[in-house]
Structure formats: C-alpha cells, structure tokens
Amino acid sequence: MNVTRLPSRLALVSGIAASSVLLLSSAAHAHVTVQPQGPAAKGGYATVNFKVPNERDGASTVKLEVTLPKDHPIASVMPQPVPGWTVTVEKAKLATPLDLHGKKITEAPSKITWTASGSKIGPGQFQQFPVSLGRLPEKADRLVFKALQTYDNKEVVRWIEEPQEGKAEPDSPAPVLELTAAGAGHGAAGAEPADDADDSRAVASDDDGDTTARVLGVIGILVGAAGVAFGALAGRRRSASA
C-alpha cells in the first residue's frame, strides 16, 4: 500500500461522505412546513409561516393550497400580503358553531390558496407565506394542515400524510403546528394580534443588540490596550537586557 496516497484517499472519502449527508439532509427537509413566529399557545392567537421550498430542478412553484383542519376549526384567518402572489380564503359551514368573543360563529375558513401573479418559487429557492390564526383550539396538542404544491409544469405534490408519533416520517408529510400550553408566552388565551406590542418587542430587541455591541466594543478596546502595554513592556525588557 502506498502510504503517500493515503491522505488524498481519506480526503476523497470524507468529501463524498459529507456530500451524501448534505444531499440526504436537504431531501429530508424539502417539504412544505408550518412554523410559528413565537409560541402557538392553546386558546390564543399566533402568526405562522407556511414555508414552501422548490424541489424541482426544471420547474417553479406557482400555487399553494392549504386546507385548514376540520376537526379543530379556526374562526380567524388573516394572510399577510406576499408580493407577486394573490391569496384567497374559502369558508365552510360549521356543524357546531364556535364561540368567539361572545359571538356564535357558524362558518369558518376552510382553505387558503396562494397563486403566483408575477412571481414564482424557482429551483433552489423557497417562499414563506405568513398567516395570523386564532383562536387556536384549547383541547388539541397540534394542528395538521394538508397542502397541495403546484408547479408550472402542471405537477401537483400532495403534502397530506399525517405524521404518526413513534413512526418514521412519511414520504409526503402534511405541515404540522405544535401547540404550547395555554398562557405560554405571546399568543396566550384571550390575547389578540397587537402590532404595537410587536413593535415594542422589536425596539427592545434592538436596544439589547446595541447594548451588547457597546459592551463587546469596550472589551475589545481594553484587550487592545492591554496588548499594546504588554508589547511596550516587553520592548523595554529586551532593551534593558541588551
């Protein structure tokens, strides 16, 4: 065995292994998901993002259809406008009316559809579609949103398989929103979307970032000054010994 070739062979094997891991990782996560912006508390309101990656090399995504859970209907659904996309919300009659702020709700949103109108999700890209939801059910641990993803080559990918606890993830899993305990963080029971509160948190976050930057800056100055002092002292010692 030629020992001199061993490092290059090891490097080649390592590169192939790393590439395989990246490919498997991207394939495992290349599906439509729903992600909350902060806790999604039972009985409260939450803003979520439906994240849609493009899986195809030669086609672009032009439509997303999300079916809302029938077993746990949601009375309030407000999509945030996304440039280059139109959105429609369909409603359906409820078998059992909902009580929202003392009012009986006899119909609720059943489906959200985003359609490209000047924009597409191209190969190697993804798009997020924000939606405000509420109230979230109090007696459910998660919500399952079945989704259809349509490409401009007419292909439709059906993300409708419900993941089962303790089992391997299905090939075409439906987006799942995990709910937190009632009263946990923003979006707790009784709370409604508040832009002012979001702005306040953003300002507080910016202030925290500025404070951290100032502290790090001061530390950097002190470390630099210490280095200069150490260098000067070392120079004096070398001069004295000479």
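Keep in mind it's a predicted model, so treat the numbers as computed, not measured.

J.: Is there a simple way to think about unusual backbone geometry in this case?
T.: Residue Arg-135 is reached from Gly-134 by a cis peptide bond, and omega for that bond is -20°. Structurally, Arg-135 can be placed in the loop between β7 (126-134) and β8 (142-144). Backbone geometry at Lys-154 places phi at a positive 80°, although glycine is not the residue there. Tracing the backbone through its elements, the reader meets Lys-154 in the loop between β9 (146-151) and β10 (156-159). What makes Lys-154 exposed here is its relative accessible area of 71%.

J.: Explain the confidence of the model for the protein to me, please; I cannot follow it from the model alone.
T.: Low-pLDDT portions of the prediction should not be read for the details of their coordinates. Averaged over the protein, the pLDDT score is 76; the fraction of residues at 70 or greater is 64%. When the criterion is pLDDT under 50, residues 194-209 qualifies, and its contacts beyond four places in sequence or with other chains add up to two contacts.

J.: How should I be thinking about the packing of aromatic side chains in this particular structure?
T.: Given two aromatic rings, one states the distance between the centres and the angle between the planes to describe the pair. Tallied over the full model, the rule gives four aromatic pairs. Taking 5.1 Å as the distance between ring centres and 85° as the angle between the ring planes, the aromatic pair formed by Trp-85 and Phe-129 counts as edge-to-face. Taken together, the residues Trp-85 in strand β5 (residues 85-100) and Phe-129 in strand β7 connect sequence positions 44 residues apart. A relative accessible area of 0% means that Phe-129 is categorised as buried. Ring centres 5.0 Å apart and planes at 40° place the aromatic pair Trp-114 and Phe-129 in the tilted group. Placement of Trp-114 in strand β6 (residues 103-116) and of Phe-129 in strand β7 is noted, with a sequence separation of 15 residues between them.

J.: What's the story with the environment of Asp-71 in this structure? I'm lost.
T.: Relative to the helices and strands, Asp-71 resides in the loop between β3 (61-67) and β4 (76-79). Since its relative accessible area comes to 60%, Asp-71 is described here as exposed. With 66 residues separating them in the primary sequence, Asp-71 and Pro-137 have C-alpha atoms 9.8 Å apart.

J.: Looking at this structure, I do not really get the environment of Thr-180. What am I missing?
T.: In this structure, Thr-180 sits in the loop between β11 (176-178) and α2 (195-241). Assessed through its relative accessible area of 28%, Thr-180 is described here as partly exposed. When residues no more than four places from it in sequence are discounted, the contact partners of Thr-180 are Pro-39, Ala-40, Ala-41 and Lys-42. There is a polar contact of 3.4 Å between the side chain of Thr-180 and the backbone nitrogen of Ala-41.

J.: Help me understand the nonpolar core in this model?
T.: A general trend in soluble globular proteins is that nonpolar side chains are found buried together. Phe-50, Leu-64, Trp-114, Phe-129, Leu-133, Phe-145 and Leu-177 are the most contacted members of the largest nonpolar core, which has 31 residues in total. Counting residues per element, the ones that place at least two in this core are β2 (46-53), β3, β6, β7, β9 and β10. With four residues, the top contributor of residues to this core is β2. Beyond its immediate chain neighbours, meaning those up to four positions away, Leu-64 contacts Val-32, Phe-50, Val-52, Ile-112, Thr-113, Trp-114, Phe-129, Ala-147 and Leu-148.

J.: What's the story with the sheet that holds β9 in this structure? I'm lost.
T.: Pairing between sheet strands relies on hydrogen bonds along the backbone, with the strands arranged either parallel or antiparallel. Pairing is antiparallel in the open sheet, where five strands are placed in the order β5-β6-β3-β9-β10. Edge positions in the sheet fall to β5 and β10, since each of these pairs with one other strand and no more. Neighbouring strand axes in the sheet, compared pairwise and without regard to direction, differ in orientation by 15° on average. Here β5 runs beside β6; their pairing, made up of 12 bridges, is antiparallel. Within β6, the residue paired with Thr-88 across the bridge is Thr-113.

J.: Can you walk me through the sheet that holds β4 in this structure?
T.: Read from one edge to the other, the open sheet built from four strands follows the order β1-β2-β7-β4, with strand pairing classed as antiparallel. A single partner strand is all that each edge strand has here, and the edge strands are β1 (33-36) and β4. Strand-to-strand twist across the sheet, computed as the mean angle between neighbouring axes with direction ignored, equals 30°. The pairing of β1 with β2 spans four bridges and is classified as antiparallel. Note on β2: the bridge partner recorded for Thr-33 is Lys-51.

Cut-offs applied
- Residues numbered from 1 in each chain as written.
- Predicted model: local features only at pLDDT ≥ 70, side-chain atom pairs only at ≥ 80, totals over all residues.
- Heavy atoms only, no water.
- Helix = DSSP H or I, 4+ residues; strand = E, 2+ residues; numbered from the N terminus.
- Buried < 20%, exposed > 50% of the residue type's maximum accessible area, 1.4 Å probe, protein only.
- pLDDT = per-residue confidence, 0-100.
- Contact = heavy atoms within 4.5 Å.
- Phe/Tyr/Trp six-rings, centres within 6.5 Å; stacked < 30°, edge-to-face > 60°.
- Polar contact = N/O pair within 3.5 Å; in protein donor to acceptor, adjacent residues only side chain to side chain.
- Core = buried A, V, L, I, M, F, W, Y, C linked by side-chain atoms within 4.5 Å.
- Pairing = 2+ DSSP bridges.
- Axes fitted to C-alpha atoms, helices over the stretch in contact; angles between N-to-C directions.

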